[in-house]
Amino acid sequence: MEFEKMIKGEYYSCLDEELIKRRNKAQELCHKYNECLDVEIRKQISKELLNDDSKDVNLQGPINITYGCNLIFGENCYANFNFVAMDNGPITIGNNVMFGPNCCLTTAIHPLHYLDRNIKKDNSGNSYTIESTKPIIIKDNCWIGANVTVCPGVTINENCVIGAGSVVTKDIEANSLAYGNPCKVIRKITDEDLLK
């Protein structure tokens, strides 16, 4: 029940027993992936973690993925080391998307006020917290530079370059070079940018 609420973006408790089991399984698989250098074994681990073996996805490792089942890659994607996907909510990545080192995609939203954010007890004495999610979408042919954080609810449209160190808090229109904290569109990418 909490899992369904989580992926719908409703308030849920991350201390739910089922969610804890799912996170623990994903962390176990990430650990195995990070410890292994054999390409074929990594493919098998990735298949189990992401529930998908049809994509040509190269995750350099180490990786840290919260659930795996809410992270969908398109074809021909690459992530350099220290790729973090907090896929509490859906994360959809298009084709030919590349990530520099130390990128973080996070869908979790925690309440601002500490009284809402702190751990609580229900009538049975069970601990719970309240948080929600917003999905992230990164469309085809994007390059996400080193140390970029993509925040909940953001869509990065086709053919964009996000400069190193950016914090993406709002949608980025297609064919844009964008960078900064907060990330802003600097200019359009055009055929003038093709290598001669």
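Residues numbered from 1 in each chain as written. Predicted model: local features only at pLDDT ≥ 70, side-chain atom pairs only at ≥ 80, totals over all residues. Heavy atoms only, no water.

Enquirer: Give a description of the layout of surface pockets that names residues and reports values.
Expert: The method is simple in principle: a probe with the dimensions of a water molecule rolls over the atoms, and the space it marks as empty is what remains. Looking at the largest pocket, its volume works out to about 450 Å³. R42, K43, S46, K55 and V57 are the residues nearest the centre of the largest pocket, which is lined by 20 residues in total. Listing elements by their share of the lining of the largest pocket, those giving two or more residues are α3 (39-50), β1 (57-59) and β3 (71-73). Residue contributions to the lining of the largest pocket peak at eight residues, all from α3. Of the residues that constitute the lining of the largest pocket, the class distribution is nine nonpolar, three polar and eight charged. (1 Å grid on protein atoms, 1.4 Å probe; cavity = no way out; pocket = protein on both sides within 12 Å on 5 of 7 lines; lining within 4 Å. Points joined across faces, edges and corners; volume = space filled by probe spheres on them. Helix = DSSP H or I, 4+ residues; strand = E, 2+ residues; numbered from the N terminus. Nonpolar A, V, L, I, M, F, W, Y, C, P; charged D, E, K, R; others polar.)

Enquirer: A description of the environment of T107 should follow, citing residues and the corresponding values.
Expert: Within the secondary structure, T107 is located in the loop between β8 (104-106) and β9 (108-109). In this structure the C-alpha to C-alpha distance between T107 and I7, which are 100 residues apart in sequence, comes to 9.7 Å. Not counting the four nearest positions on each side in its chain, T107 is found in contact with M86, D87, N88, G89, P90, I91, S132, T133, K134, P135, I136 and P152. Looking at T107, its side chain comes within polar contact range of the main-chain nitrogen of G89, at 2.7 Å. (Contact = heavy atoms within 4.5 Å. Polar contact = N/O pair within 3.5 Å; in protein donor to acceptor, adjacent residues only side chain to side chain.)

Enquirer: Would you mind going over the side chain of E131 in detail, with residue names and values included?
Expert: The residue E131 is located in the loop between β11 (127-128) and β12 (132-133) in this model. Comment: no salt bridge for buried E131; closest opposite-charge side chain is R23, at 6.7 Å. Polar side-chain contacts of E131 include one of 2.5 Å to the side chain of Y12. Engagement of the side chain of E131 in a polar contact is seen with the side chain of H110, the distance being 3.4 Å. Other than its neighbours up to four places away in sequence, E131 contacts E10, Y11, Y12, C14, N88, A108, I109, H110 and P111. (Buried < 20%, exposed > 50% of the residue type's maximum accessible area, 1.4 Å probe, protein only. Lys, Arg positive; Asp, Glu negative; His and termini not counted. Salt bridge = Lys/Arg side-chain N within 4 Å of Asp/Glu carboxyl O.)

Enquirer: Can you tell me about α3, naming the residues and giving the values?
Expert: Over its 12 residues, α3 runs 16 Å from end to end, which matches the ideal 16 Å to within 8%, given 1.5 Å per residue. Where α3 is concerned, the buried positions are R42, I45, S46, L49 and L50. Within α3, the buried residues cover an arc of 115 degrees as seen down the axis, which keeps them to one side. Against α2 (17-35), β1, β2 (63-65) and β3 lie the buried residues of α3. Near the N-terminus of α3, the side chain that reaches the backbone nitrogen of E40, with its oxygen 3.0 Å away, is that of D38. (Expected span 1.5 Å × (residues − 1). Arc of directions from axis to C-beta.)

Enquirer: How would you summarise the nonpolar core if you had to cite specific residues and measurements?
Expert: Core analysis: the biggest nonpolar cluster contains 36 residues, and F99 and I156 have the highest contact counts within it. For this core, the secondary structure elements donating two or more residues are α2, α3, β2, β3, β4 (77-79), β5 (83-86), β6 (91-93) and β13 (136-138). Top contributing element to this core by residue count: α2, with four residues. Leaving out residues up to four positions away in the same chain, F99 has contacts with F73, Y78, A79, N80, F83, I93, L105, I138, W143 and I144. (Core = buried A, V, L, I, M, F, W, Y, C linked by side-chain atoms within 4.5 Å.)

Enquirer: Can you tell me about the pattern of salt bridges, naming the residues and giving the values?
Expert: In this structure the tally under the stated criterion is nine salt bridges. The closest approach of N and O atoms between K21 and E17, which form a salt bridge, is 4.0 Å. In this pair, K21 and E17 both sit in helix α2, four residues apart, roughly one turn of the helix. A relative accessible area of 55% places K21 in the exposed class. A salt bridge links K32 to E28, with the shortest nitrogen-to-oxygen separation between them at 3.6 Å. Of the two residues, K32 and E28 both sit in helix α2, four residues apart, roughly one turn of that helix. Given the relative accessible area of 42%, K32 is considered partly exposed. You can call E28 partly exposed: its relative accessible area is 38%. What you see here is one network of salt bridges that share partners, running through K25, E28, K32 and E48.

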